[in-house]
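Descriptive structure summary
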Amino acid sequence: MLEINAPVDPTKMGVGKGIAVLTSGGDAQGMNAAVRATVRVGIYTGAKVYFVHEGYQGLVDGGDNIRQATWESVSMMLQLGGTVIGSARCQDFRSKEGRAKAACNLVKLGITNLCVIGGDGSLTGANEFRNEWSDNHYQSEAKCSSHLNIVGMVGSIDNDFCGTDMTIGTDSALHRIMEVVDAITTTAQSHQRAFILEVMGRHCGYLALVTALACGADWVFIPEMPPDEGWEDHLCRRLTYQRSIGNRLNVIIVAEGALDRHGKPITCDIIKNLVTKKLGFDTRATILGHVQRGGTPSAFDRILGSRMGVEAVMALLEATPDTPACVVSLSGNMAVRLPLMECVQVTKEVTKAMAEGRFEEAVKLRGKSFENNWNTYKLLAHVTAPDMKSNINIAIMNVGAPCAGMNAAVRSAVRIGILQGHSMLAVHDGFDGLAHGTIEPMTWGYVGGWTGKGGSNLGTKRSLPASMIEEISLNIAKYNIHALVIIGGFEAFVGGLELVTAREKYEELCIPLVVIPATVSNNIPGSDFSIGADTALNTITTTCDRIKQSAAGTKRRVFIIETMGGYCGYLATMAGLAAGADAAYIYEERVGIHDLETNVEHLLEKMKTTVKRGLILRNEKCNANYTTDFIFNLYSEEGKGVFDCRKNVLGHMQQGGTPTPFDRNFGTKMGAKAVLWLTEKLKECYRHGRIFANTPDSACVLGMKKRAMIFQPLSDLKEDTDSEHRIPKTQWWLKLRPILKILAKYKISLDTSETATMEHVIKKRGTV
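Residues numbered from 1 in each chain as written. Predicted model: local features only at pLDDT ≥ 70, side-chain atom pairs only at ≥ 80, totals over all residues. Heavy atoms only, no water.

Looking at the pattern of salt bridges
Under the criterion given, the structure shown has 34 salt bridges. Taking the shortest distance from any N to any O, the salt bridge between Glu-491 and Arg-726 comes out at 3.0 Å. Residue Glu-491 is located in helix α17 (residues 490-501), and its partner Arg-726 is located in the loop between β26 (721-722) and β27 (727-728); the two are separated by 235 residues in the primary sequence. Given the relative accessible area of 7%, Glu-491 is considered buried. In this structure, the salt-bridge partner of Glu-589 is Lys-741, at a minimum N-O distance of 2.6 Å. A residue pair is termed long-range when its members are at least 10 positions apart, and Glu-589 in the loop between β19 (583-585) and α20 (593-606) and Lys-741 in helix α24 (residues 737-743) qualify at 152 residues. The exposure class of Glu-589 is partly exposed, given its relative accessible area of 31%. What emerges from the salt-bridge pattern is a single network uniting Arg-99, Glu-128 and Glu-132. (Salt bridge = Lys/Arg side-chain N within 4 Å of Asp/Glu carboxyl O. Helix = DSSP H or I, 4+ residues; strand = E, 2+ residues; numbered from the N terminus. Buried < 20%, exposed > 50% of the residue type's maximum accessible area, 1.4 Å probe, protein only.)

Encoded structure:
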């Protein structure tokens, strides 16, 4: 979305324009969310939107394959995997005649805007189509269609497209893979087995790499980085060592396109034969195949598809004949527009770098996120603990409510610490444990298998340290603790601040400390995301899917669902986007009686359409007077004779469950980064044979901001905190609220002033 000087009415932007949407190439979960958002936002802007069924084949064949879409025709699509409008590999579109036919079909219907959801092949084809559009036989039908606007969204489970952090479908594919890995792990543990798992990714090792990080695999084979010569011996040594320290299970992940340094494939069978013959281990191989493409899209993919769909429509309607064809993608948590052909070029350069043996460069070209994953994997996997000890003791604790992913963060922090030569100490039950001395050393094996476990294995409490500072300082001295990792929610943040304040009085507290945000509420200042929020979001979304199914079966039923989050409306808003809610009430956006009235009227209107169900989410502390019971009673009263109501309080199930791939991966990276940072800080703070840290930058929150993981001093973040309501004063996700309302058919204004400008990929090659 470009900078616009005169205010533009977004509901008039598309008047008189035609937009077609198609899905092409391999299917990916989340494509339907993107189609739904494109259709609804297109209709919202006044444009006519058309489905193109069966991908480019439907574009060439025309006729009934190109049909006008309505608001209702995309209802109940959000939670479906695959693509409802169909996809097909198309030979006809590869020829100029085929493309001319396709152009003719579009011109007849007055369509000059095309939204393509597919992989790089599909998007390259779209660009070629656009370049040929101005040929005479393309525009003989109508003068007004002198150019075609094209916007792409990348739908591919492999995450193999350069320029975007995540492609639509990748996160869901990881969910499928982790479900299988967790299931295999339990059976393998029973028998002391080695498991080899082949995942998809012919040219890209993203799925294999993240899976390896998320399940703590012993080894991963990816196309971008073939193993060194003699890997067979190295692998066998590693597996033997794992068994010798008491691990009953070995896991090896292989990308289907894995190669050795000579370009020969490394297959499951090759590894299985090697391990069986050389080590005599009981070995099993599983090839996951198309399971990875299937199933329900994750909450992340639904939100990603929805956000990309909105951005794609805006990009199409703002395009001029000179605007290059673009891809809308995600960088950090920001929607960006990138020139399509630049992304394709960099994607091809990765393949070229791999073919020419420039593997380090291939990893860099894949992007920052891929490179970070690879570096974290290398840190944790192919190393043995040093003989030299650093004489440093680092304590780790969980504070606040438990959440999924805490254990993954503890595990990687402990292991990275051991690899640095430090002694790692477990503090049980939060600050209480620090005060009462429930502290014990942690070994490498102590945290084995923790990545996939939900909750908090260390135990966690909400108590704050201020009332027991004396005891805490004594124990820090007694156990000779040189640095502290605090993993937890808002109490972890406040507790960290209290320790910093007490430094003036207690010299023992002058040690570096880092707070890692981990809470389902996602309400920690200094970070856009907290460990645990993604798992909670998926739990809520799955529950909403079931409830919607029930409401669709009963007809004329409205469900009111209460979510967690304290005063933070993140879960209610994001779950509303992911589940297709009609409204989400949150504390940050005051709800008044007029809003409730508008929502009820909106639902009364909705019941006249073919979509006879409603879903309302309410954040637990959005309003002290408008309780869940109050809203339920109000809706029941006003809906009499038209719809009936049900209510559901989701409660603590949102904190539980096994962590999602995102939370495992995020926790692993955060834990590793925190300990490496502390190691550097300890060197800085070492004076005259002892540690002394009392500067603001020696006590930080490690957070994810926009595109990077950064350390910010706790004292600096105090300014941005609403302490009474335990939320940051600025929250990025509030900007997504209008999308939720537009997709639920409210006539509100979408702010088009702060929009994504076109960025370049080629220029920032060094940082791609």
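Anyway, onward from the coordinates.
Brief notes about the UniProt feature "binding site: Mg(2+)" (unreviewed entry) in the protein
Per the UniProt record, "binding site: Mg(2+)" (unreviewed entry) is annotated on Asp-120. Other than its neighbours up to four places away in sequence, Asp-120 contacts Phe-161 and Thr-347. (UniProt positions renumbered as here; feature names shortened; annotations may be inferred. Contact = heavy atoms within 4.5 Å.)

Considerations on the packing of aromatic side chains
Evaluated as defined, the whole model comprises 17 aromatic pairs. Aromatic side chains Tyr-56 and Phe-93 sit 4.0 Å apart centroid to centroid with 10° between the ring planes, which places their arrangement in the stacked category. With Tyr-56 in helix α2 (residues 55-61) and Phe-93 in the loop between β3 (66-68) and α3 (96-108), the pair connects residues that are 37 residues apart, well separated along the chain. Neither residue differs from the other here; Tyr-56 and Phe-93 are each classed as buried. Here the aromatic cluster, defined as three or more aromatic residues joined through ring pairs, consists of Phe-529, Tyr-570, Phe-662, Phe-666, Trp-732 and Trp-733. (Phe/Tyr/Trp six-rings, centres within 6.5 Å; stacked < 30°, edge-to-face > 60°.)

Side note on the sheet that holds strand β7 (residues 219-221)
As summarised here, the arrangement of the 4 strands in space is β7-β8-β6-β9, forming an open sheet in which the pairing is parallel. Among the strands making up the open sheet, the edge pair consists of β7 and β9 (283-287). Within this sheet the neighbouring strands show an average axis-to-axis angle of 15°, counted without direction. Sheet topology places strand β6 (residues 194-199) next to strand β8 (residues 250-255); 6 bridges connect them, and they run parallel. Among the inter-strand pairings, Leu-197 is bridged to a residue of β8, identified as Ile-253. Each of β6, β7 and β8 is contacted by helix α8 (residues 231-244), which is oriented at about 150° to β7, the strand it contacts most. (Pairing = 2+ DSSP bridges. Axes fitted to C-alpha atoms, helices over the stretch in contact; angles between N-to-C directions.)

Structural notes on the environment of Thr-443
Relative to the elements of secondary structure, Thr-443 occurs in the loop between β14 (439-442) and β15 (460-461). Taking the C-alpha atoms as reference points, Thr-443 and Ile-487, 44 residues apart in sequence, are found 19 Å from one another. In contact with Thr-443, other than residues within four places in its own chain, are Val-414 and Ile-418.

Let's talk about the sheet that holds strand β21 (residues 644-649)
Strand order in the open sheet formed by 4 strands is β19-β20-β18-β21, and the pairing between neighbours is parallel. Unpaired on one side and paired on the other, β19 and β21 mark the two borders of the sheet. With direction set aside, neighbouring strand axes in the sheet form an average angle of 20°. Here strand β18 (residues 557-563) pairs with β21 via 6 bridges, running parallel. Along β21, the bridge assignment pairs Arg-557 with Asp-644. In the packing of helix α19 (residues 570-579) onto the sheet, contacts are made with β18, β19 and β20 (613-619), and the angle to β20 comes to roughly 160°. Across the face of the sheet, α20 comes into contact with β18, β19 and β20 while running at roughly 160° to β20.

So, the domain arrangement of the protein
Domain assignment breaks the protein into domain 1 (18-167 + 297-351), domain 2 (171-292), domain 3 (387-530 + 662-727) and domain 4 (533-655). If you average the C-alpha positions of domain 2 and of domain 3, the two centres end up 32 Å apart. Counting residues at the interface gives 10 residues for domain 2 and 7 residues for domain 3. Buried surface at the junction of domain 2 and domain 3, both sides included, amounts to about 720 Å², of which 49% is carbon and sulfur. Linking domain 2 with domain 3 are 1 salt bridge, by the criterion used here. Among the salt bridges present, the one from Arg-664 reaches Asp-182, with a minimum N-O distance of 2.7 Å. At the junction of domain 2 and domain 3, the tally comes to 1 residue pair in polar contact (both at pLDDT 80 or more). Those elements giving two or more residues to the side of domain 2 that touches domain 3 turn out to be α6 (170-191) and α7 (206-215). Of the residues forming the side of domain 2 that touches domain 3, the biggest block, 4 residues, is contributed by α7. (Domains from an automatic or database assignment. Buried area = accessible area lost by both parts, 1.4 Å probe. Polar contact = N/O pair within 3.5 Å; in protein donor to acceptor, adjacent residues only side chain to side chain.)

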